[in-house]
Amino acid sequence: EVQLVEFGGGLAQPGGSLMLSCAASGFTFGAYDMTWVRQAPGKGLEWVSNIKANGGSTSYADSVKGRFTISRDNAKNTLYLQMISLKPEDTAVYYCAKFQGGPDYWGQGTQVTVSS
């Protein structure tokens, strides 16, 4: 059974930082691209970032480029999202997802709130 569990959300001040983790199990983690997606209050899903299976290529939404860094440790079956220079508009539930042509398995999400 594919399982994805996100950790690391919480409250941060504007300009602050947070690191999200996503623990994966039930599939060969290192064989699949992975993605982060977020949903702000009252809004639809927004793609944040992708990373290739071997970690060799990443891509980012314009809204987070230069502030967020996606990475992975295939030996630990874990996906990461380092977030710096956080803005109130980054407030959202953040989901990690396994990516095969599109997101096919999702975690339960972790809340990130950016507020002073």
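The structure contained in this document is the topic of the report that follows. (Residues numbered from 1 in each chain as written. Predicted model: local features only at pLDDT ≥ 70, side-chain atom pairs only at ≥ 80, totals over all residues. Heavy atoms only, no water.)

**A short note on the state of the cysteines**
The tally for this structure, following the rule as stated, stands at one disulfide. Each disulfide pairs two cysteine sulfurs, and for C22 the partner residue is C96, the sulfurs being separated by 2.0 Å. With the S-S bond torsion at 55 degrees, the cross-link from C22 to C96 turns out right-handed. Here C22, found in strand β3 (residues 18-25), pairs with C96, found in strand β9 (residues 92-99); they are 74 residues apart in sequence, far enough to count as distant. In this structure, C22 and C96 share a single accessibility class: buried. (Disulfide = S-S within 2.5 Å. Helix = DSSP H or I, 4+ residues; strand = E, 2+ residues; numbered from the N terminus. Buried < 20%, exposed > 50% of the residue type's maximum accessible area, 1.4 Å probe, protein only.)

**With respect to the packing of aromatic side chains**
For the coordinates displayed, the defined rule picks out three aromatic pairs. With 5.9 Å between their ring centres and 70 degrees between their planes, F27 and Y32 make a pair best called edge-to-face. Residue F27 is classed as buried on the basis of its relative accessible area, which comes to 15%. For Y32, a relative accessible area of 24% gives the class partly exposed. Aromatic side chains Y95 and W106 sit 6.0 Å apart centroid to centroid with 80 degrees between the ring planes, which places their arrangement in the edge-to-face category. One end of the pair, Y95, is in strand β9; the other, W106, is in strand β10 (residues 103-106), with 11 residues separating them in the sequence. Residue classification places W106 among the partly exposed positions, given a relative accessible area of 37%. Within the aromatic cluster, the residues linked to one another by ring pairs are F27, F29 and Y32. In this arrangement the basic side chain of R72 is found over the ring face of F29, its NZ or CZ atom lying 4.3 Å from the centre. (Phe/Tyr/Trp six-rings, centres within 6.5 Å; stacked < 30°, edge-to-face > 60°. Lys NZ or Arg CZ within 6 Å of the ring centre and 35° of its normal.)

**Section: the environment of T91**
Mapped onto the elements, T91 comes out in the loop between β8 (78-83) and β9. Residue class for T91 comes out buried when judged on its relative accessible area of 15%. Taking the C-alpha atoms as reference points, T91 and F27, 64 residues apart in sequence, are found 30 Å from one another. In this view, T91 contacts A40, P41, Q111, V112, T113 and V114; residues no more than four positions away in its chain are not counted. Side-chain polar atoms of T91 contact the backbone oxygen of P88, separated by 2.9 Å. (Contact = heavy atoms within 4.5 Å. Polar contact = N/O pair within 3.5 Å; in protein donor to acceptor, adjacent residues only side chain to side chain.)

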